[in-house]
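One-letter residues, chain by chain:
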Amino acid sequence: MSNLFLDFQIALRSLFQHRRRTFFLVTAIASVTGLLVLLDALSTGVSESMIRAATTLSSGHVNVGGFFKVTSNQCGPVVTEFGKVVEVVEKNVPEMQSFVHRGRGWAKIISDSGSTQAGVTGIEIKNEPDFKRVIRLTSGRIEDLAEPNSLLLFESQVERLKVKVGDAVTLSAMTNRGAANTIDCRVVAIAKDMGLMSKFGVFVPIETTRALYQLRPDTTGAIQIYLQPRYVAKAADIAARLRVTLEKAGYRVMDPDANPFWMKFQTVNREDWTGQKLDVTIWEDEVSFLTWTLKALNVLKLVLLTILIAIVITGIMNTMWIAIRERTREIGTLRAIGMQRWGVLRMFLFESFQMGVLGTVAGALGGSVVAGLLNAAKIKVPLSVQLFLMSDQLNLAVHLPALAQAIVTITLITTLAALYPAYRAARLPPVSAMSHFG
Amino acid sequence: MSRNRITTIATALLVSFIAPGFARPASKQDMVELLKAVDDRQRNQGDWRSVIYMEQKEKNKVDVAYEALVFRRSADQKFIILFTKPKASQGQGYLRLDKNLWFYDPSVGKWERRTERERIGGTNSRRSDFDESRLAEEYDPEDNGEAKLGAYNAQIMTLKGKPDLDLAFPVIKLWVDKESKNVLKRQEFALSGRLLRTSYYPKWKKAYSESRKMEVWYPEEMRFYDEVEKANSTLILVKSVDMKPLEANLFTKAWLESKSR
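Since the model is a prediction, treat every value here as computed from it, not as a measurement.

## Thoughts on the interface of chain B and chain A
How big an interface is tends to be reported as the loss of accessible area on association of its parts.
Thinking step 1. Listed as interface residues are 18 residues of chain B and, on the opposing side, 18 residues of chain A.
Thinking step 2. Partitioned by chemical class, the residues of the side of chain B that touches chain A number 8 nonpolar, 3 polar and 7 charged.

Take a look at the structure:
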């Protein structure tokens, strides 16, 4: 044990003795770690923004939606007698924390100054505490969404429609039987954009969607199930189990299809059936058209890291080779006074390990500070970038486990990079090493 | 004055008082007959070919214009719209088969099922605007009296969709020229009662139908005004109408696809 501590001390002193070289290498390692932390923070931020936007605007962690077909070529996103479906869900999904049900539809929104197409979500605002907490209003009162024929818009839609709180707009849509219908709504709240998803969605009381699409009071668009946090990662398994359960309960269930409900109209319309079919999805399915951004970001992160780590490994190995060459006589002397080969190997590995720890800790701290500063600056991003970031402002999420993972991984890589040079140093014969002139 | 003469005068007076009362409100049957006449005048009962020009004006947007060929066959209610201009839309088309409306886009080479209420080419016109008139089959008329519409004496009627029929517009108000029985004006309402679209038919023409061995009427010009988005309007011109029999295999997906190769 004392030998180990001694080797550790020798390695540390050696690092201080070669300050300049150590500084450059530690800086390089710190830069790579900092970049890894920032890229990871960006990727986590995008992922968290996506989950937050998806689970606030259009999805639970698991959803029971479906289609009702009046005729084989006319379908609507409707779940009939949804109370009975809720009973099955409550009995068979113990991982559930809460649920809400929402109406679904698509309509043209027309104001005096403009028009826009949007997904219309019907909600019961009194049963949506999370929605009220997550949505950030710029004007109006979210509680007013309980009033009949009220409407919540997002900032970007307000720009297109040129309306303000209190103004009236018309929602024009086809009912599920194909008849034209309209409803006049009053804008009661305007919310901040939540990335791309909020550009195509508006919220109205669920009674308004029922009136617009001529639906009965026991119908809804989808039951959105929110899981306890520890089960969120298992949403796909829970959805698969729920499909089987619903089938056993006598419901016709659609085959799994990792797409949002509005991309399924074509497929459902082509199928030759009538009546009700349920569709169980998870939040990733409902935003599958956007998750490619996350995948692209992760691939970019991997490519960048591979290149940077390759540079660090080359740097460490080169530095070690130079150190060994410079310190050949020192190695010979240490070996001559009794240091074992294993001791020499350990000493060089310690040097590399110490540089790794210093560099990664500094990099992780630096990356976290930069991420914090960028978040604090609340940098607004242009529309094209919102597509990637799923948020109207730059959002970097730094978490301790991710920092620890970056520190451990890069320290391990830098230590292992020194393994071969250290092994070669340990193999030097003491006599020739002592007589070496470098 | 003889007793007979008094009776005659009394009868004449009674008739003169009562008769106008009977004449003023047309009976429901009269309205049904008028609606049937409106349909019948346009019914070809055979094949149809025409060229249409569509012009769409929308607020804050550039005007768009299309030229297309329309083919239809009354026997099985088959229908094709094939876009020929502009170049970007060339080869695109709608095909109605077995009461299903399909849209084909040659740039992606895919067929998509569309609703019967599809806005043709994104304009404010629907498939039914180019199809045979079936008002009497789909709606029950109510008399709304008469009125002057420009130089014409028009019979106004409100049409309410027959139960169990899925119609795009549950209520239609119609102005029919009393003399020619051509439709002059049409207003379509949503379920909520809101006026959605007003259409004007200022020009009617007739062409010889080989299948009916007589001349049938068609609107040569149609103007649609969006009543919700007030600034939007569509103009349709129907030209080169030909009612000779069309080739048997025309109403197929293969035929429409072949037009863009």
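Now that the structure has been shown, we can carry on.
## As for the pairing of strand β1 (residues 47-57) of chain B
All names here are of chain B.
Thinking step 1. Where β1 and strand β2 (residues 64-73) come together, 10 bridges link them in antiparallel fashion. Each bridged residue has a counterpart across the sheet, and for Asp47 the counterpart in β2 is Arg73.
Thinking step 2. Between the end of β1 and the start of β2, which pair antiparallel, lie 6 residues, with Asn60 showing a positive phi angle near 60 degrees.
Thinking step 3. Relative to strand β13 (residues 233-242), β1 runs antiparallel, the two being bridged by 8 bridges. Each bridged residue has a counterpart across the sheet, and for Lys57 the counterpart in β13 is Ser233.

## Digging into the pairing of strand β9 (residues 201-205) of chain A
All names here are of chain A.
Thinking step 1. Of all the 5 residues making up β9, 4 are buried; the element is thus mostly covered by neighbouring parts of the structure.
Thinking step 2. With 5 bridges connecting them, strand β4 (residues 115-123) and β9 associate as parallel partners. Bridge pairing in β9 places Val120 opposite Val202.

## Quick notes on the domain arrangement of chain A
All names here are of chain A.
Thinking step 1. Domain parsing of chain A yields domain 1 (2-52 + 290-434) and domain 2 (60-286).
Thinking step 2. Distance from the C-alpha centre of domain 1 to the C-alpha centre of domain 2: 47 Å.
Thinking step 3. Taken together, the contact between domain 1 and domain 2 spans 11 residues of the former and 7 residues of the latter.
Thinking step 4. Of all the secondary-structure elements, those providing two or more residues to the side of domain 1 that touches domain 2 are α2 (19-57) and α13 (383-389).
Thinking step 5. Split by residue class, the side of domain 1 that touches domain 2 holds 5 nonpolar, 4 polar and 2 charged.

## A closer look at the packing of α2 of chain A against helix α10 (residues 291-326) of chain A
Each pair of packed helices can be summarised by the angle the axes make with each other and by the distance between the axes.
All names here are of chain A.
Thinking step 1. One way to put it is that α2 packs onto α10 with a least axis distance of 10 Å and a crossing angle of 170 degrees. With respect to α10, the element α2 is oriented roughly antiparallel.
Thinking step 2. Its residues assigned to classes, the contact of α2 with α10 comprises 18 nonpolar, 6 polar and 2 charged.

What counts and how
Residues numbered from 1 in each chain as written. Chains lettered and ligands numbered in written order. Predicted model: local features only at pLDDT ≥ 70, side-chain atom pairs only at ≥ 80, totals over all residues. Contact = placed C-beta atoms within 7 Å. Nonpolar A, V, L, I, M, F, W, Y, C, P; charged D, E, K, R; others polar. Pairing = 2+ DSSP bridges. Helix = DSSP H or I, 4+ residues; strand = E, 2+ residues; numbered from the N terminus. Buried ≥ 20, exposed ≤ 12 C-beta atoms within 10 Å, placed from the backbone. Domains from an automatic or database assignment. Axes fitted to C-alpha atoms, helices over the stretch in contact; angles between N-to-C directions. Parallel < 35°, antiparallel > 145°, perpendicular 65-115°, else oblique.

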